[in-house]
Amino acid sequence: WLYYGTTTGMAFIFPPNYWGFLYDPTRRPWYGRAISSGTQVRAAISTPYLDSGGAGLMNTLTSVVWGPRSNTNERKINGVVGFDFLYPVMNNMLPEMTDCSSKAVRDIGQSGTREISCWLFELSGLFLSHSDFLASKEDKEKFGQGGGTDVADAGEWPIENVFVGKKEPDLA
């Protein structure tokens, strides 16, 4: 999806979709994340989430659309533009741009060669990328039986809003 939400609550969405008469983009997490990121930040990336339309694991890239500067050099916010992309795109970005390994965290170092695992996380400590987010059902069951720290107390495999101190306690 590609979308633009104005400060007045009007939304332009591509491909076209009708989310109801009461849909207000200013109340959506993607809109708030971009607005709250400040004037120095060009873009904000969401934590991974499951798409409600069934597309799978997604991230959203958003940016504030600024109006012209006023006489006092202040800028008015016109709205927020956003783009949804599949999580594997996000997960593959670091290995493609750096010397980081594209292997799952649990597989790094198993072959005897030195490898580096890289992640993206936001300032609050929430992961934006981690190889465990793409784990297969078999991997989840295998790791969950081993008593690892990745499995949430409720028996779920966490994806949204995963804190670095919970997922990788040695880094916190």
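Description of the structure in this document. Nothing here was measured: the structure is a model prediction, and the numbers come from that model.

### Section: the overall build of the protein chain
Looking only at helices and strands, the protein chain features four helices and eight strands. Going residue by residue from the N terminus, the α and β elements of the protein chain occur as β-β-α-β-β-β-β-α-β-β-α-α. Here the protein chain holds 172 residues, and the buried ones make up 31% of them. Sequence separation of 24 or more characterises 49% of the internal contacts of the protein chain that already satisfy a separation of 6 or more. Here the protein chain displays about 11200 Å² of accessible surface, and carbon together with sulfur accounts for 55% of that area.

### Focus on the pattern of salt bridges
The tally for this structure, following the rule as stated, stands at two salt bridges. Between Asp24 and Arg27 there is a salt bridge; the shortest N-O distance is 3.7 Å. Judged by its relative accessible area of 22%, Asp24 falls in the partly exposed class. By relative accessible area, Arg27 is classed as exposed at 70%. One salt bridge in this structure joins Glu122 and Arg33, with 2.7 Å as the shortest N-O distance. One end of the pair, Glu122, is in the loop between strand S7 (120-121) and strand S8 (127-129); the other, Arg33, is in helix H1 (residues 29-36), with 89 residues separating them in the sequence.

### Digging into unusual backbone geometry
Of note, the bond from Phe14 into Pro15 is cis; its omega dihedral lies within 30 degrees of zero at -5°. By secondary structure assignment, the location of Pro15 is in the loop between strand S2 (11-14) and H1.

### Considering helix H2 (residues 87-97)
Each α-helix winds once per 3.6 residues, and so residues spaced three or four apart point in a common direction. Buried within H2 are the following residues: Tyr87, Met90, Asn91 and Leu94. Looking straight down H2, one finds its buried side chains confined to an arc of 100°; they lie on one side. Along H2, the residues that are exposed and aim more than 90 degrees away from the buried face are Glu96 and Met97.

### So, the pairing of strand S5 (residues 57-69)
Bridge count for strand S3 (residues 44-45) against S5 is two bridges, and the pairing is antiparallel. Within S5, the position partnered with Ala44 by the bridge is Thr62. Pairing geometry for strand S4 (residues 49-50) and S5, over two bridges, is antiparallel. Looking at S5, one finds that Leu50 is bridged to Leu57. Following S4, the chain reverses through six residues before pairing antiparallel with S5; Gly54 in that reversal takes a positive phi of roughly 90°. The pairing of S5 with strand S6 (residues 75-86) spans 10 bridges and is antiparallel.

### Observations regarding a nonpolar patch on the surface
A surface patch of nonpolar side chains, amounting to about 440 Å² of accessible area, comprises Leu2, Phe14, Leu61, Val81 and Phe83. With respect to the secondary-structure elements, Leu61 resides in strand S5. Classification of Leu61 as partly exposed rests on a relative accessible area of 34%.

### A look at the environment of Thr7
Turning to its location among the elements, Thr7 is positioned in the loop between strand S1 (2-6) and S2. Once the C-alpha coordinates of Thr7 and Asp24 are considered, the two residues, 17 residues apart in sequence, prove to be 9.6 Å apart. If we skip the residues at most four places from it in the chain, Thr7 touches Thr26, Tyr31, Ile77, Asn78 and Gly79.

Thresholds, definitions, all that
- Residues numbered from 1 in each chain as written.
- Predicted model: local features only at pLDDT ≥ 70, side-chain atom pairs only at ≥ 80, totals over all residues.
- Heavy atoms only, no water.
- Helix = DSSP H or I, 4+ residues; strand = E, 2+ residues; numbered from the N terminus.
- Buried < 20%, exposed > 50% of the residue type's maximum accessible area, 1.4 Å probe, protein only.
- Contact = heavy atoms within 4.5 Å.
- Areas by Shrake-Rupley, 256 points an atom, 1.4 Å probe, with all protein chains shown as cover.
- Salt bridge = Lys/Arg side-chain N within 4 Å of Asp/Glu carboxyl O.
- Arc of directions from axis to C-beta.
- Pairing = 2+ DSSP bridges.
- Patch = residues over 30% accessible without salt bridge, like charges linked within 9 Å, V, L, I, M, F, W, Y side chains within 5 Å.

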